[in-house]
Amino acid sequence: MTVIKSVPDKKHPVIGLKNFVFDPSVSRLLPLPQAHRFKALPLFLIEGRLSVAMTDPDNIELLDEIARITGCEIAPVSVDAGDINSFIARAYGCNKGDIITDYRNEIRDEFNSISVLNLLLEKAVFHLASDLHLEKSGKEVRIRMRIDGALIEIKPYDTALHEEVISRIKVICGMDIAEQRLPQEGKSIWSGGGKEIDLRIVILPSVAGETAVIRLLNPVNIRKNIEHLGFSDSFTAGYRKLIEKRQGMILICGPTGSGKTTTLYTTIQELDLSANKAISVEDPCEYRLQELTQLEVNRDIGFDYAAGLKAVLRADPDIIMLGEIRDRETAHIALEAAMTGHLVFSTLHTTSSVSAVYRLIEMNLPAFMIVDSLLLVLTQRLVRKNCEYCRTEREIGDQEKITLRNMGVTVSVHYETRGCSRCGGTGFNGRTVLYEALNINDAVRKMIVLGKGEDEIRTEALKSGFIPMGANSTALIESGTISLAEVLQHLRES
Ligand SMILES: [Zn+2]
């Protein structure tokens, strides 16, 4: 453990972090880009007071900024400037090789199904994994965790334990233990280290044997501030202003797994929920927020999005969060709500912002309702970030440049990764967001009112300052943050 010692000629205690055990849920109170930029690293949180190791602990402006981002009172400690980057890398889990080794060291021969499952869940929570997969593949057991979107394989437990582990999972979420031929779904709660994490579990009867997938709804993954989401500073500032509005609709779009839900929840948490009544209709409620009244869709009893939304509107809401807009009826009620003094947030399953607007038009919703209520259509993807330890710069050939320009990407250099021990050979570390934000301005409104097609709306939007996702990725590619291949893959899906 760490020794904090006072150095007479310095105002702040100096901290040695060589053997410090970092808690990722504390480190990540400050997003990684800011940790690098500020040369600061959160260490521990005690009663709202966050100890932060810094190379410049006397910088008052920096302290204020960190306090604002983390929402904590800051207690700075001094750390050597030569060491901070490697500590940051360790604290933010930039060394995936560690996950495998530290798990290997802890599994013991005498472990039974209960202790194995507990250890796996504890590790998954610690590494902020979103999913834990316990699969039967052939005669072997395969265990993988999804961390920052990538699956990391870890050493399996003894194959003989697998059936018992699956039974144990069925017990903790109240499934039928005897049923081995049909898929089952269930919920449970894992608690440990002062945390409670909701679990969503699916058991699949594969031909090789039963497979379990456990989704961990770790509230730490719902980032504390919009700054944590990876949008640019200028977008974040504009977005903050927009969500202070009293009425209108903000749509967040993208395919499954693009981080829409995280953006929604983070946004809702930023709003003043004590002065405003906020109600959500979700399918399912993924995370529980204390100041949000959350309703869950239940189609078996006819309680769908439209029915939920109608009920919400009778309950004097200020802010409404609607999990998804899928049909005309729901869209109509939502737009009406956004026109009559409510701030409405929802998602649409479309790949671009302009196509989202066009989807509403195609639903035969009156143009005046769309232009009167829609404020912003944000479309996003989650992309893997390059490992900074094994990336190398590459020039782009002339022919390639032309092909890229046709896809809306204009770059002259990009970075490739070859995989190293720090990224577990994957070439990637962490994720960020790739996005496009369509502000519904007068030019766009005019096109909607005139009943123009998708292409004409896009052309007019571009003229009035809309930056599509491809063009938005340029700086991230050229700085080496993300790879060209990763961007192209996401653009092709559009
Ligand atoms: Zn690497």
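Residues numbered from 1 in each chain as written. Predicted model: local features only at pLDDT ≥ 70, side-chain atom pairs only at ≥ 80, totals over all residues.

Some thoughts on the overall build of the protein chain
- Regarding its fold elements, the protein chain presents 19 helices and 20 strands.
- For the protein chain, the C-alpha radius of gyration of 24 Å lies close to 23 Å, the compact-globule estimate for 494 residues.
- Reported as C-alpha extents along the three principal axes, the dimensions of the protein chain are approximately 70 × 65 × 55 Å.
- Counting the 494 residues in the protein chain, one finds 38% classified as buried.
- Restricting to contacts in the protein chain with at least 6 residues of sequence separation, those with at least 24 account for 63%. (Helix = DSSP H or I, 4+ residues; strand = E, 2+ residues; numbered from the N terminus. Rg over C-alpha atoms; globule rule 2.2 N^0.38 Å. Buried ≥ 20, exposed ≤ 12 C-beta atoms within 10 Å, placed from the backbone. Contact = placed C-beta atoms within 7 Å.)

What to know about the environment of G82
- Take G82: it is sitting in the loop between β5 (73–78) and α4 (84–91).
- According to the C-beta neighbour criterion, G82 is exposed, with 8 such atoms within 10 Å.
- The sequence separation of G82 and T55 amounts to 27 residues, and the corresponding C-alpha distance is 9.0 Å.

Thoughts on the packing of helix α15 (residues 442–449) against helix α16 (residues 454–463)
- Put simply, α15 and α16 touch, their axes get as near as 8 Å, and they point 165 degrees apart. In terms of orientation, α15 lies roughly antiparallel with respect to α16. Of the two elements, α15 crosses α16, and the hand of that crossing is right-handed. In this structure, α15 contributes A443, V444, M447 and I448 to the contact, and α16 contributes E456, I457, E460, A461 and K463. (Axes fitted to C-alpha atoms, helices over the stretch in contact; angles between N-to-C directions. Parallel < 35°, antiparallel > 145°, perpendicular 65-115°, else oblique. Left-handed = near helix turned anticlockwise from the far one by under 90°.)

Things to note about the pairing of strand β15 (residues 319–322)
- Neither face of β15 is left uncovered, since the one carrying I319 and M321 and the one carrying I320 and L322 both have all their residues buried.
- For strand β13 (residues 278–282) and β15, the ladder comprises four bridges, and the chain directions are parallel. Note that in β15 the partner of V281 across the bridge is L322.
- Pairing geometry for β15 and strand β16 (residues 343–348), over four bridges, is parallel. Each bridged residue has a counterpart across the sheet, and for I319 the counterpart in β16 is L343.
- You can see the chain leave β15, run along helix α11 (residues 328–339) and come back into β16, and the turn it takes is right-handed. (Pairing = 2+ DSSP bridges. Right-handed = clockwise from strand over helix to strand, strands pointing away.)

As for the environment of I197
- Structurally, I197 is set in strand β10 (residues 195–206).
- Given 18 C-beta atoms within a 10 Å radius, I197 is considered partly exposed.
- In contact with I197, not counting residues within four places along its chain, are V125, I189, W190, L216, L217 and N218.

Examining α11
- Helix length check: α11 (12 residues) gives 16 Å between terminal C-alpha atoms against 16 Å at 1.5 Å per residue, within 8%.
- All of the buried residues in α11 are T330, A331, I333, A334, L335, A337 and A338.
- Of the residues flanking the end of α11, it is G341, one or two places downstream, whose phi is positive at about 85 degrees. (Expected span 1.5 Å × (residues − 1).)

A short note on the sheet that holds strand β12 (residues 248–253)
- If you trace the seven strands from one edge of the open sheet to the other, you get β14-β13-β15-β16-β12-β17-β20, paired in mixed fashion. Either end of the sheet is taken by a strand with one partner, and the two such strands are β14 (292–296) and β20 (428–439). Direction aside, the axes of adjacent strands within the sheet are offset by 20 degrees on average.
- The sheet strands contacting helix α19 (residues 484–493) are β17 (374–386) and β20, and the helix crosses β17 at an angle near 140 degrees.

Re the environment of V444
- As for its position among the elements, V444 is in helix α15.
- V444 gets classed as buried once you count the C-beta atoms within 10 Å, which come to 25.
- In this structure, the C-alpha to C-alpha distance between V444 and T392, residues 52 residues apart in sequence, is 41 Å.

A few points about the domain arrangement of the protein chain
- Here the protein chain is partitioned into domain 1 (4–91), domain 2 (97–216) and domain 3 (226–493).
- Computed over C-alpha atoms, the centres of domain 2 and domain 3 are 32 Å apart.
- In this complex, domain 2 contributes five residues to the contact, which on the side of domain 3 involves nine residues.
- A per-class count over the side of domain 2 that touches domain 3 returns two nonpolar, two polar and one charged. (Domains from an automatic or database assignment. Nonpolar A, V, L, I, M, F, W, Y, C, P; charged D, E, K, R; others polar.)

Considerations on the nonpolar core
- Among the nonpolar cores identified, the biggest contains 66 residues, and L322, A334 and V344 are the most heavily contacted of them.
- With six residues, the single largest contributor to this core is α11.
- If we ignore the near neighbours within four places in the chain, the residues touching V344 are M249, I320, L322, A334, A337 and A338.
- If you look at the next biggest cluster of nonpolar residues, it comprises 26 residues, including L30, L32, A40 and A91. (Core = buried A, V, L, I, M, F, W, Y, C linked by C-beta atoms within 7 Å.)

Some remarks on the packing of helix α12 (residues 353–362) against α16
- Running from N to C, α12 and α16 point in directions that differ by 135 degrees, and their axes come no closer than 10 Å. Accordingly, the angle class assigned to the pair α12 and α16 is oblique. As for how α12 packs across α16, the hand of that crossing is right-handed. Listed contacts from α16 to V354, S355, V357 and Y358 of α12 are E454, I457, R458 and A461.
- Grouping the amino acids of the contact of α12 with α16 by side-chain chemistry returns five nonpolar, one polar and two charged.

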